[in-house]
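Observations on the three-dimensional arrangement
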Amino acid sequence: MDDNVSSMAVRSDTYRDLRLGMVDKQIRRRGVKDERVLQAMSNVPRHEFVPRECIGRAYEDEPLPIGEGQTISQPYIVAAMTALLRLEGAERVLEIGTGCGYQAAVLSELAQEVFTVELRAALARAANDRLQRLGFRNVHVHCGDGSLGLPELAPFDAILVAAAAPALPPPLLEQLAEGGRMVMPVGGPSEQELLLVNKKGSECAIQHVGACRFVPLHGRHGGKEAATG
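**Quick notes on the nonpolar core**
Counting 52 residues, the largest nonpolar core has Val32, Met41, Phe49 and Tyr102 as the members making the most contacts within it. At nine residues, the largest contribution of residues to this core is made by helix α3 (residues 75-85). Residues Leu94, Val161, Leu176 and Met182 belong to the second largest nonpolar core, which totals 20 residues.

If you want it as structure tokens, here you go:
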């Protein structure tokens, strides 16, 4: 066998073993029981979404820097937030804060279509290229102010926000479909809480899930304005 082919096979098996270990030790054992979510986390190659210098830490239980002051969330948080949406496969999902594209890739395994918004143009371009290269064809990357959502494509059956704002952005609540669910961290730099919103008619029932720590959401309804570029 060609040495390069052999080396690639060993490396692939190593990543697969690390990924399955991540799912078992960091996610399943910590209470995430949704088998579809666990399978999605087993399928998506997290090492493809982190900078080259972080590949050796890709399956550790921690967030990692991805550039421009942003991070890829720790695997458990990605799985826990995804499980809260209770996706069944036919949903149109909106994600706010594309980052490197990892959360969108996980969502794409569980929903019919994923629309994801990233404020920073460089991150949006890189995420789109990465997702297309890896075959996640049902993910549509948009560059813009995520706190405004995508009104032209609403409503959405589920919304996941991967950055914290002082309050739930009204445009996102408006774009959530009847019976839809939204999960989002709310709070300031020192104290945040993960919220789950269930929309029923004109009312939104809010469930407090627990403490968390996310980068701030920028934009009109975020913590502060930020320029694209």
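**A few points about the packing of aromatic side chains**
Geometry of an aromatic ring pair is reported as the spacing of the ring centres plus the angle between the planes. Under the counting rule described, the total for this entry stands at four aromatic pairs. With a centroid separation of 5.6 Å and 65° between ring planes, the pair formed by Phe49 and Tyr102 is classed as edge-to-face. One end of the pair, Phe49, is in the loop between α2 (35-43) and β1 (64-67); the other, Tyr102, is in helix α4 (residues 102-108), with 53 residues separating them in the sequence. Taking relative accessible area as the criterion, Tyr102 reaches 1% and is therefore assigned buried.

**Regarding the pairing of strand β4 (residues 113-118)**
Among the six residues that make up β4, five are buried, leaving the element largely enclosed by the rest of the structure. The parallel pair strand β3 (residues 92-96) and β4 is bridged by α4, and the resulting crossover is right-handed. Pairing geometry for β4 and strand β5 (residues 139-143), over five bridges, is parallel. Its bridge partner lying in β5, Val114 is registered against Val139. After leaving β4, the chain enters helix α5 (residues 121-133) and then returns to the sheet as β5, a path that is right-handed.

**Examining the environment of Met22**
The topology assignment puts Met22 in helix α1 (residues 3-27). If sequence neighbours within four positions are ignored, Met22 has contacts with Ile27, Met41, Arg46, Tyr59, Pro75 and Tyr102.

**Examining unusual backbone geometry**
Here Ala154 and Pro155 are connected by a cis peptide whose omega angle stands at 5°. Looking at where Pro155 falls in the secondary structure, it is placed in the loop between β5 and β6 (156-161). Unusually for a residue other than glycine, Glu68 sits at a positive phi of about 55°. Within the fold, Glu68 resides in the loop between β1 and β2 (70-72). Non-glycine residue Arg86 carries a positive phi angle of around 55°.

Conventions adopted
- Residues numbered from 1 in each chain as written.
- Predicted model: local features only at pLDDT ≥ 70, side-chain atom pairs only at ≥ 80, totals over all residues.
- Heavy atoms only, no water.
- Core = buried A, V, L, I, M, F, W, Y, C linked by side-chain atoms within 4.5 Å.
- Buried < 20%, exposed > 50% of the residue type's maximum accessible area, 1.4 Å probe, protein only.
- Helix = DSSP H or I, 4+ residues; strand = E, 2+ residues; numbered from the N terminus.
- Phe/Tyr/Trp six-rings, centres within 6.5 Å; stacked < 30°, edge-to-face > 60°.
- Right-handed = clockwise from strand over helix to strand, strands pointing away.
- Pairing = 2+ DSSP bridges.
- Contact = heavy atoms within 4.5 Å.

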